[in-house]
Structure formats: structure tokens, C-alpha cells
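# Architecture and fold: a report
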Amino acid sequence: MVSPTVVIGAGPAGLTAAHELAKNNRQFLLLEPSDKIGGLFHTEAYQGYCFQLGRYLAAEPCRIYYRDRLFNYPLSLTNALKHLGPIDTALSTFSSLKARTTAILLPVLDPSLDPYPKTLESWLLERFGGHLYRIFFETYIQKIWGISGGKLQSELLPFAPNTFEGKSSWKQYSSIAASMSATVQKNTRVLRIKHSNYRVSRIFVQKGDEITAIASSHFISTLPLSDLIQRLDPPPPPAILQAANSLSHRSAITVPIIVNIKSLSLDCELYIQSPDYKVSRIQNYKNDPQSIHQGIDPNKTCLGMTYFCTQGDSLWSTADADLIHLAKQELMSLGFVTDDALIEQGTVIRQPNAYPIQHISGVRAQALVQDYLERFKNLQTAGRSGLHTDYGLTHAMLTGSLAAKNILGEQHNLWALRSSTIVDKSLGQVLEQLLGQAMESDRSPDSLTAPAAQKTTTPLYF
Ligand SMILES: Cc1cc2nc3c(=O)[nH]c(=O)nc-3n(C[C@H](O)[C@H](O)[C@H](O)COP(=O)(O)OP(=O)(O)OC[C@H]3O[C@@H](n4cnc5c(N)ncnc54)[C@H](O)[C@@H]3O)c2cc1C
């Protein structure tokens, strides 16, 4: 008898892998250390408000707040110039024209030059010029990533949010998550992964105080690469451990705040570029058609204030009460609420490992880890942090699905989906189509490990 495939992590990648196995009558064991499914992409509830984390809100408008003015998001050159004063407009126009002319002329003058910019900063400079880069991107990149754009790979750009993560992948994800939710073994953390000759024999998991061993012939991990490598027993060579540990993440803290105001003049999503504020993003859940609000006072509004940080830094270590205080202060100082008596209560949600950092020096480390893991015959790594990418939901789901298909006999290279050759925005649509086809070909086998998928567009509360 074929032993159940062990799928580690019930985020979008793990759920999709399990779904694919179930569709093909294959048994699986889906393990999740928390009591929720969905990973970064799960639904939280606070005082009757439900909202999806790990997702940029689908509705418009989303805007950028800079020097008390609002600019379109995503930023367009024409809109930026329209709202900046005459001096900034003149400087921006000049630097933007200069950057674009240089980008066209340089490859002609020196054909040996690589036409694709290497860093996030050079990519943005080429498109917007130095002046707009300094206004709109420099500090925001620092806020999100904790490092300058000159140290980040340009690879993540084609997958920047809102470029392709459309509503269809959200629907597909909701459907898959609904079908898999009953089958997840929650509160179960993988501690150790026992292997020899590049074959995993069993894993040790902890649930409560109990530690048990689970044997299987196939394993799919969606753990961050560093977590996966650290759990291998015996440990890999020190160079591999060191490389994996260098693949770090940024974390996110969201502070939902309830304001005693029926309707705030605040967009669905607002990006705060200014370094004067620690908050990077404010979401108005009331303006998000996909959020659900049950049994709450319609005269109130729930906002989500998001702060980016590094696990263990001063922001991450700040006590919840102080974070709520900070969020309230910043909301007042931004002018969205004028009377602090109107700000009622708040809570704190921490998301570790939210953004895999695509550091330019990480290319070699990733290659080393990839090369090592590819030697394993029955262990695949999938998903966002499992491949150390900053791509979105569709990519995570696709890699989970392909990992399962590999077990069913197909041959897909999941790492290739994160290669630096992916520079074409249209790939997003291709991924969407592939996932769409996977859903269309859904069938309802008689005996599934998990219940058959139910198509639903309702946001889920996990
Ligand atoms: C603030 C934010 C906004 C985002 N917005 C968007 C967006 O608008 N569009 C979009 O497409 N994507 C967006 N994303 C990205 C999206 O959330 C991720 O791409 C997606 O969740 C990745 O899925 P995953 O399954 O690969 O990883 P994850 O969601 O990280 O899931 C990994 C799972 O592994 C589990 N795990 C960890 N340790 C263990 C262990 N020891 N044993 C067992 N399991 C373990 C975790 O608990 C988790 O459930 C956003 C992310 C963030 C943080």
C-alpha cells in the first residue's frame, strides 16, 4: 500500500498540494503547527470584523500618501507629475527623461551590457528617474525590506502585488482551502526530518507534549528553506547550513483598530511612504468587498495598520499595548481621526517570515541550497518561502500543485518557476490559466482522503 504523502504546512502551497493528491485518490497527511489553515493568507477575526491577512485588498482605490497628498497606486509617471509641485515636477521630468534616454542609449553604445537591471533600485531608477525614486520608493523599500533597493534583486519585480494576482486565484484558493480544511492536522509542528542517502525516512512531529515519528515515502515541505535545512537530521554540511541561514525574511505586524466613525475618508488601502511614520500600510476593511463584518455596529470602522520589521528587532519586541498606542498616535497624526476618544480598541497580529528577502548576495546561497536539496529523491520543497521567493498566491499554489504532480509521475522543476529568467509579466497570466485549468479538470472521485472541493466565492474564516 502507498503510504500517505506528508505535506508540511497548511498555507496555500501545502493546501494545493494536498488538494491535487486528493483529486488523484492519493492519501496525504497535512501538518500545520498553528490552529488555523491558510498560512500567511488566512482570515483573522476581531470584534466581529473578519479580514484576510497576506493579501492586498482587491478593491480600488489604493493610493500612496506623501506630503499630505494622495497619489495613485500603482504609481504612474503622469499622475505623480500632476500632483507634485512645479519644482518637483521639473526635477522629476528631467531625471526621468535622462534615465529613459540612458536606458535606450547605453545598450546601443555598449552591446556587451546586460540590458536587464540587476537590482530593484536600478530597475526603478531606469523607469522613474532619480527624483521620483527618492520621493516614492527609497524610504518605502527601506520600510518594507529593512535594506536599500540597491541590495535587492530586481527579480521580484514582475511579481509585484497587483500585477497579476487576480480575483480568480483568490476564488480558486478559497475553494481549495474549503475542501481541505477538515483534513489538516493542526497544532502539529515538524521538529526533525530524518534522512540517509538523500532519502527521507521519517519525520518527528510535536503535538502538545507528545512527539511522534511519521514514516512515508514522499514528503512535500513548504517550510522556509532555513527552517527545512535546520530540521534535517543528520545536519547538512556547514556551508549549506550557513547558506540557508543567510536566506532571511521580513516580518509584518498588523494592528487592527476600531474607530467609532461610520465612514472614514480613507481608501481601501493606503501606502505611507513618509519616513516620519513607522506605519507602512493602512487598510480600511470596511471598503474591502471581500471582508465580512458580522454582528458589528455599522457606525464603526475597522482599520488595519501594518508595520514591517525583522523578528527580534525593537518593533517586533514592542509590547502589544505599546503597538496599539503607536497605531492610534499615527492615525491621529496622519489626520484621519481628529479626536482620540473616537479610537476605541485594537489588537496585534504578528506574521513572522512574511517576506523572503531577495538580497543580491543571496543568489549564490540559494543556488547552494537548491543544489543540495535537489539531490533528495523523495523530498520536495514548494511555496513562497519553500523556494525563497517573493511571488504571490498563484505562484505558491502552482508550486504546491506541481510538487504533488511530480509524486504522481510527472516531472516539473519547481525551482525553475523562481528563476531569474522570469522577467515577463505575462507569466502571471500563464500561471493563472494553469491553475484555472487545474480547477476545471476537478473531478469528484468516490473515495478521497479529503472531501471534494466545493466551489465558493465566500471569504473563509479559518
Ligand atoms: C502582508 C502580505 C500581503 C500579501 N499580499 C498578497 C497579495 O495581494 N496577493 C498575493 O498573491 N499574495 C500576497 N501575499 C503573499 C501570499 O500570502 C503568499 O504568497 C502565500 O501565503 C504563500 O503560501 P505558502 O503556502 O507558500 O506559504 P505560507 O503561507 O507561509 O504557509 C506556510 C505554512 O507552513 C507552516 N509551518 C511553519 N513551520 C512549520 C513546521 N515546523 N511544521 C509544519 N508546518 C509549519 C506555517 O504555519 C504556514 O501555515 C502577501 C503576503 C503578505 C505577508
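Residues numbered from 1 in each chain as written. Predicted model: local features only at pLDDT ≥ 70, side-chain atom pairs only at ≥ 80, totals over all residues. Heavy atoms only, no water.

Under the annotation held in an unreviewed UniProt entry, the chain carries the name FAD-dependent oxidoreductase and is attributed to Phormidesmis priestleyi.

Residue placement: Lys377 occurs in the loop between helix H10 (362–373) and strand S20 (379–381). Linking Lys377 and Asn197, residues 180 residues apart in sequence, is a C-alpha distance of 9.0 Å. From its side chain, Lys377 meets the backbone oxygen of Asn197 in a polar contact 3.0 Å long. (Helix = DSSP H or I, 4+ residues; strand = E, 2+ residues; numbered from the N terminus. Polar contact = N/O pair within 3.5 Å; in protein donor to acceptor, adjacent residues only side chain to side chain.)

Here the focus is the pairing of strand S8 (residues 189–196). One face of the sheet, then the other: side chains in a regular strand alternate in exactly this way. Bridge count for S8 against strand S9 (residues 199–207) is 7 bridges, and the pairing is antiparallel. Bridge pairing in S9 links Ile193 to Ile203. Count of turn residues in the S8/S9 antiparallel hairpin: 2 residues, of which Asn197 carries a positive phi of about 50°. (Pairing = 2+ DSSP bridges.)

Okay, a nonpolar patch on the surface next. Among the surface-exposed residues, Ile104, Leu105 and Leu109 lie close enough to one another that they form a single nonpolar patch of about 340 Å² accessible area. Assignment of secondary structure puts Leu109 in helix H3 (residues 86–109). Since its relative accessible area comes to 67%, Leu109 is described here as exposed. (Patch = residues over 30% accessible without salt bridge, like charges linked within 9 Å, V, L, I, M, F, W, Y side chains within 5 Å. Areas by Shrake-Rupley, 256 points an atom, 1.4 Å probe, with all protein chains shown as cover. Salt bridge = Lys/Arg side-chain N within 4 Å of Asp/Glu carboxyl O. Buried < 20%, exposed > 50% of the residue type's maximum accessible area, 1.4 Å probe, protein only.)

For the α-helix, the turn length of 3.6 residues means that residues three or four positions removed from each other point alike. The terminal C-alpha atoms of helix H11 (residues 393–407), which comprises 15 residues, lie 22 Å apart, in line with the 21 Å expected from a rise of 1.5 Å per residue. Taken across its 15 residues, H11 has 15 buried, putting it largely inside the fold. In the segment just after H11, Gly409 is the residue with positive phi, at about 115°. (Expected span 1.5 Å × (residues − 1).)

Our focus in this paragraph is the sheet that holds strand S11 (residues 219–221). Pairing between sheet strands relies on hydrogen bonds along the backbone, with the strands arranged either parallel or antiparallel. Strands sit in the order S7-S2-S1-S11-S20 across an open sheet of 5 strands; the sheet is parallel. Every interior strand has two partners, whereas the edge strands, strand S7 (184–185) and S20, have only one. Here 2 bridges tie strand S2 (residues 28–31) to S7, and the two strands are oriented parallel to one another. Counted as the bridge partner of Leu31 is Gln185 from S7.

Right, let's talk about unusual backbone geometry for a bit. For the peptide bond that leads from Asp233 to Pro234, omega is 5°, which places it in the cis range. Along the chain, the position of Pro234 falls in the loop between strand S12 (232–233) and helix H7 (238–245). If you check the backbone angles, Asn25 has positive phi at about 60° while not being a glycine. Here Asn25 lies in the loop between helix H1 (12–23) and S2. Positive phi outside glycine occurs at Asn187, with the angle close to 55°. Tracing the backbone shows Asn187 in the loop between S7 and S8.

Let us look at the nonpolar core. Membership of the largest hydrophobic core comes to 56 residues, with the highest contact counts inside it found for Leu15, Ile203 and Leu373. Sort the elements by how many residues they give to this core and H11 lands first, with 7 residues. Discounting chain neighbours no more than four positions away, the residues touching Leu373 are Leu225, Leu228, Ile229, Leu232, Leu379, Thr381 and Trp415. (Core = buried A, V, L, I, M, F, W, Y, C linked by side-chain atoms within 4.5 Å. Contact = heavy atoms within 4.5 Å.)

Glancing now at the pattern of salt bridges. This model, assessed by the stated rule, comprises 9 salt bridges. Between Glu126 and Arg127 there is a salt bridge, and its shortest N-O distance comes to 3.3 Å. Residue Glu344 pairs with Lys300 through a salt bridge whose shortest N-O separation is 3.1 Å. Taken as a pair, Glu344 in strand S18 (residues 343–346) and Lys300 in the loop between strand S16 (292–293) and strand S17 (301–309) lie far apart in primary sequence, 44 residues in all. Each of the salt bridges in this network shares a partner with another, and the network as a whole consists of Arg192, Lys194 and Asp233.

Attention now moves to the packing of aromatic side chains. Across all of its chains, the model carries 12 aromatic pairs by this definition. Arranged with centres 5.4 Å apart and planes meeting at 90°, the rings of Tyr198 and Phe376 form a pair that is edge-to-face. In this pair, Tyr198 is assigned in the loop between S8 and S9 and Phe376 in the loop between H10 and S20, connecting sequence segments 178 residues apart. Residue class for Tyr198 comes out partly exposed when judged on its relative accessible area of 28%. Judged by its relative accessible area of 6%, Phe376 falls in the buried class. Consider the rings of Tyr372 and Phe376, whose centres lie 5.6 Å apart with planes at 75°: the pair is edge-to-face. Connected via pairs of aromatic rings, a cluster forms that spans Tyr65, Tyr277 and Phe336. Sitting over the ring of Trp123, Arg127 keeps its end group 4.0 Å from the ring centre. Against the face of Trp316 rests Arg350, its NZ or CZ located 5.8 Å from the ring centre. (Phe/Tyr/Trp six-rings, centres within 6.5 Å; stacked < 30°, edge-to-face > 60°. Lys NZ or Arg CZ within 6 Å of the ring centre and 35° of its normal.)

Okay, the packing of H7 against H10 next. Between H7 and H10, whose axes approach to 8 Å, the crossing angle comes to 125°. Regarding the angle of H7 to H10, the classification is oblique. You can see that H7 and H10 cross each other, and the crossing is left-handed. For the pair formed by H7 and H10, the contact residues are Ala239, Ile240, Ala243 and Ala244 on the first element and Ala365, Leu368, Val369 and Tyr372 on the second. (Axes fitted to C-alpha atoms, helices over the stretch in contact; angles between N-to-C directions. Parallel < 35°, antiparallel > 145°, perpendicular 65-115°, else oblique. Left-handed = near helix turned anticlockwise from the far one by under 90°.)

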